[in-house]
Amino acid sequence: MRYDFVMALTPSTCPLDCPDACGVLVESDERGKFVRLKGNPAHGWSRGVLCAKTSLYGEVVASPARLTTPLLRDARGELVPATWDAALARIVERLRGVPGERILAAWYAGNMGLVAKKFPLRAMHALGAAVVDGGLCDNTATAGYECVLGAVIGPDLESVVDADFVLLWGSDVARTVQHLQPKLQKLAKAGVPIVAIDVYRTETMQALEKWGGEGLILRPGSDAALALALARLAFERGHADRAFLARECLGADEFEAHVFASIDVERAARATGLHVDQIEELARLLFDAERPLIKTGVGWTRRRHGAMSMRAVCSLAAVLGIAERVHYESFASFSLAEGALERPDLRPTGSPPIAVRHVALGLELESRRYDALFVWGHNPAMTCPDAARVRRELERDELFVVVHDQFLTETAERADVVLPATTFVEATDVYRSYGHRYLQYARKACVPPGEARSNVGAFAAISRALGLPRETWDVTEEGLCEELFAASSSRLSAADVERLRRGEPVKVTPPSRERLGGWGTPSGKIELSSAAARAAGQPALATYVEDAGRSERGAFWLISAPSRYTHNSTYSHSPRHVALNGPPRVFMHPDDAAVRGLSEGERVRVHNERATVSLVLACTADMPRGLVRVDGLPRAVDVPEGVGINALVSPDVSDLGDGNVLYSTRVDVDR
């Protein structure tokens, strides 16, 4: 397709895996060359303000390290420049005779555009390939929430301005939902109580303390004990909304008996490390509020019993009659027909998609069940648990690896075919959020460098070369966006679509309870007692289960926290972000360091039975004893062992959702 460019500001959305999904304006010149980007003041959530990460995204677009031509591995084992025709010919040659079930597709959230993420699956489905289940991030939290409260909608985060109490449960908004923080500051300064619950003194806690709020630091994995104790207090003191429980909930009587038999404030204090009076004060604030808002994060559920913890918090909200005041994510607010992009109906003989546990990708590849791997929007050599095993398998000669990316990532370095990808300013797409409720149609604003192609352009070319059905290759980015709009007509009005085409952010209305058939659970009610959980081998009622680490050994829990300056591995290609982030560090309480004879600034070994990662030690009293923390995703090149932090993480799965157990990792630290 030919594009005619003029000096322009094109409305778009930050494509990174972040709930804020900020509205941006991309400035380009008359040649279609990227100039800069800035915040879009017409966006109802971000209102023209960008975080420090996204405001420097231009360094990624203009990076001299961008891939601009395909690369092929030659007979010497080196990646050398090639043409698209040669790359496609290599793919056709290597896939000849390979059954679909021996091809694996590994994709993730490097670009949150719905077309960029989902269209390549159309080719994979037509091949009959297996597909990872996407369990790296929020599957556990989602499964826990859905088990109790059904569809993941929650309140409109913009309504926080009306709250008379805010409870941030495992949500470091200063680093993860930055556009919520000014609203919280305004509430706090107006006298609204705000409490943050976490496992270390986060930046959010530090800010709240300045504004009059409070932070509660729990022992890792004890969240369910606190939530269930609060539920018992609500029953005991007459704050349970019994009318709501009778009308909306399944298993209320059973749950009440359960909390009385299993938990009390004293036991919760022992489990969490809080004082009894801290739990009592939290209960008072929560029970006295008329319009409370509970904002949960994701990280605290990345444990062996993470879904159980989320179930406990959701059950507490149901007891109080404030189930619609729990915000975890908002993706079900959109409920778009994303299957129209994927087209699983194109699978041979109509067979259902083969789902593969994403968190166990290394083990899956080690099983030798796959001869070929396609990767897009993803850097599994760094972001998957058990990353050292993933890397070893990517290097195996028998596995044919195709990677579509903007840079020569740690995964692309181990590929047989590397295809150059566009950034979000160089492609047309549709973006939704998982934090707020705004949808954006973003048109292509810039010409890509060299021979870089969008996910649509790359996988359409692959599909055509492989002789797949016409629906996989006779497409355009704009046409796919229109397919999505048409398939989602029950969710988007004609007026909504017209506004989207004009580049306006459109705020959607969530599906009604009538449309969902109630709350979106199997029974249609809030399920305090869940037959689905029991069928999955879990207790029917939310229960506190101590995370004993199973086979994990080591003196410390490892907390892999969000970075202030980088986002996944995208900004590892931005010099200013790398400089701001500084050398990879491990944070530890000074007393823990002193016991081990370790000093601030020295390089230490963070290790367990899976791997060793050497990092610079930073001592801070913000870390409780027994925990160490690493921010972000340190680049392999900055670590002497050449591996990332996920090399330390087990490929085990969580209690529900087959999610990761990142925060159940234990390590030792020494000189």
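Our subject is the structure listed above.
Residues numbered from 1 in each chain as written. Predicted model: local features only at pLDDT ≥ 70, side-chain atom pairs only at ≥ 80, totals over all residues. Heavy atoms only, no water.

> For this particular structure, what's the right way to read the overall build of the protein chain?
Assigned secondary structure in the protein chain consists of 25 helices and 27 strands. A compact globule built from 671 residues should have a C-alpha radius of gyration of about 26 Å, and the protein chain, at 25 Å, falls within 12% of that. In terms of overall dimensions, the protein chain has a C-alpha envelope of 70 × 65 × 50 Å along the principal axes. Within the protein chain, buried positions represent 63% of all 671 residues. Contacts spanning at least 24 positions in sequence make up 75% of the contacts within the protein chain whose residues lie at least 6 apart. Just so you have it, the protein chain exposes about 24,300 Å², and 50% of that area is on carbon and sulfur atoms. When the 78 basic and 86 acidic side-chain charges of the protein chain are each reduced to a single mean position, those positions are 2 Å apart. (Helix = DSSP H or I, 4+ residues; strand = E, 2+ residues; numbered from the N terminus. Rg over C-alpha atoms; globule rule 2.2 N^0.38 Å. Buried < 20%, exposed > 50% of the residue type's maximum accessible area, 1.4 Å probe, protein only. Contact = heavy atoms within 4.5 Å. Areas by Shrake-Rupley, 256 points an atom, 1.4 Å probe, with all protein chains shown as cover. Lys, Arg positive; Asp, Glu negative; His and termini not counted. Charge placed at Lys NZ, Arg CZ, Asp CG, Glu CD.)

> What exactly am I supposed to notice about the environment of Glu600 here?
Structurally, Glu600 can be placed in the loop between α25 (590–595) and β24 (603–607). Note: C-alpha distance between Glu600 and Val616 (16 residues apart in sequence) is 8.0 Å. Not counting residues within four places of it along the chain, the set of residues in contact with Glu600 comprises Leu617, Ala618 and Cys619. A polar contact is formed between the side chain of Glu600 and the backbone nitrogen of Cys619, at a distance of 2.6 Å. (Polar contact = N/O pair within 3.5 Å; in protein donor to acceptor, adjacent residues only side chain to side chain.)

> Is there a simple way to explain helix α19 (residues 455–465) in this structure?
Within α19, 8 of the 11 residues are buried, which leaves the element mostly enclosed by the surrounding structure. For α19, the complete set of buried residues consists of Asn455, Val456, Ala458, Phe459, Ala460, Ala461, Ile462 and Ser463. Downstream of α19 by one or two residues, Gly467 has phi in the positive range, about 70°.

> I'm lost on the sheet that holds strand β10 (residues 214–217) in this one. Help?
Backbone-to-backbone hydrogen bonds join strands into a sheet, with any given pair of strands oriented parallel or antiparallel. Strand order across the open sheet formed by 5 strands is β10-β9-β8-β12-β13, with parallel pairing between neighbours. Where the open sheet ends on each side, the last strands, each with one partner, are β10 and β13 (326–327). Bridge count between strand β8 (residues 165–169) and strand β9 (residues 194–198): 4 bridges; the pairing is parallel. Each bridged residue has a counterpart across the sheet, and for Leu167 the counterpart in β9 is Val195. Of the strands in this sheet, β8, β9 and β10 touch helix α8 (residues 203–211), which is tilted by about 155° from β9. In the packing of helix α14 (residues 306–319) onto the sheet, the strands contacted are β8, β12 (292–296) and β13, and the crossing angle to β12 comes to about 170°. (Pairing = 2+ DSSP bridges. Axes fitted to C-alpha atoms, helices over the stretch in contact; angles between N-to-C directions.)

> I tried to follow the environment of Pro590 on my own but got confused; where do I start?
Along the chain, Pro590 falls in helix α25. A relative accessible area of 33% means that Pro590 is categorised as partly exposed. Counting along the chain gives 34 residues from Pro590 to Pro624, while the straight-line C-alpha distance between them is 9.6 Å. Excluding residues within four positions of it along the chain, Pro590 makes contact with Cys619, Thr620 and Ala621.

> Help me understand the nonpolar core in this model?
The nonpolar side chains of a soluble globular protein tend to be buried, and buried together. Residues Phe255 and Phe374 are the most contacted members of the largest nonpolar core, which totals 151 residues. The dominant element in this core, judged by the number of residues it contributes, is helix α9 (residues 223–236), at 11 residues. Phe556, Ala611, Val630 and Val669 belong to the second largest nonpolar core, which has 26 residues in total. (Core = buried A, V, L, I, M, F, W, Y, C linked by side-chain atoms within 4.5 Å.)

> How should the pattern of salt bridges be read in this particular structure?
Side chains that differ in charge, positive against negative, can pair when their charged atoms come close. Enumeration over the complete set of coordinates arrives at 48 salt bridges. Between Lys118 and Glu342 there is a salt bridge; the shortest N-O distance is 3.3 Å. Placement of the pair is Lys118 in helix α3 (residues 114–118) and Glu342 in helix α15 (residues 339–342), with a sequence separation of 224 residues. When sorted by exposure, Lys118 lands in the same class as Glu342, which is buried. (Salt bridge = Lys/Arg side-chain N within 4 Å of Asp/Glu carboxyl O.)

> Explain unusual backbone geometry to me, please; I cannot follow it from the model alone.
A positive phi angle, near 35°, is found at Ala21, a position not held by glycine. Among the secondary structure elements, Ala21 is positioned in the loop between β1 (8–13) and β2 (23–28). The exposure class of Ala21 is buried, given its relative accessible area of 7%. Positive phi, close to 50°, is recorded for Ser335, a residue that is not glycine. If you trace the backbone, Ser335 turns up in the loop between β13 and α15.

> I tried to follow the layout of surface pockets on my own but got confused; where do I start?
Over the atoms rolls a probe the size of a water molecule, and in doing so it shows where empty space is left. For the largest pocket, the calculated volume is near 790 Å³. Surrounding the largest pocket, 30 residues form its lining, Trp107, Lys117, Lys118, Asn139 and Arg432 being those nearest its centre. Listed by contribution, the elements that provide at least two residues to the lining of the largest pocket are α3, α4 (120–127), β7 (130–132), α5 (139–149) and β14 (354–356). If you tally residues by element for the lining of the largest pocket, the top one is α5, at 3 residues. Looking at the lining of the largest pocket residue by residue, the classes come out as 15 nonpolar, 5 polar and 10 charged. (1 Å grid on protein atoms, 1.4 Å probe; cavity = no way out; pocket = protein on both sides within 12 Å on 5 of 7 lines; lining within 4 Å. Points joined across faces, edges and corners; volume = space filled by probe spheres on them. Nonpolar A, V, L, I, M, F, W, Y, C, P; charged D, E, K, R; others polar.)

> Got a minute to help me understand helix α7 (residues 181–189) in this structure?
Side chains of residues three or four places apart in an α-helix project in the same direction, reflecting 3.6 residues per turn. If you check which residues of α7 are buried, you get Gln181, Lys183, Leu184, Leu187 and Ala188. Seen end-on, α7 carries its buried residues on one side only, within an arc spanning 155°. Exposed residues on α7 whose side chains face more than 90 degrees from its buried face are Lys186 and Lys189. At its buried positions, α7 is contacted by β8, α6 (173–176), β9 and α8. (Arc of directions from axis to C-beta.)

> Any chance you could explain empty space enclosed by the protein here in plain terms?
A full pass over the atoms with the stated rule returns 3 cavities of 30 Å³ or more. Reported here for the second largest cavity is a volume of approximately 60 Å³. As for the second largest cavity, its lining consists of Gly221, Ala224, Arg303, His305, Met308, Ser309, Thr543, Tyr544, Val545 and Asp547. In terms of residue class, the lining of the second largest cavity is made up of 4 nonpolar, 4 polar and 2 charged.

> Can you help me understand the packing of aromatic side chains in this one?
Where two aromatic rings form a pair, the distance of their centres and the angle of their planes describe that pair. Going through the model one piece at a time under the given rule, you end up with 8 aromatic pairs. When the centroid spacing of 6.3 Å and the interplanar angle of 35° are considered together, the rings of Trp169 and Trp300 count as tilted. Here the residue Trp169 occupies a position in strand β8, and Trp300 occupies one in the loop between β12 and α14, the gap between them amounting to 131 residues. No difference in accessibility class separates Trp169 from Trp300, as the two residues are buried. An aromatic cluster is built from Trp107, Phe374, Trp376 and Phe459, whose rings are joined through pairwise contacts. Here the guanidinium or amino end of Lys183 rests over the ring plane of Trp45, the centre of that ring lying 4.5 Å away. In this structure, Arg453 is placed above the aromatic ring of Trp84, and the distance from its NZ or CZ to the ring centre is 4.0 Å. (Phe/Tyr/Trp six-rings, centres within 6.5 Å; stacked < 30°, edge-to-face > 60°. Lys NZ or Arg CZ within 6 Å of the ring centre and 35° of its normal.)

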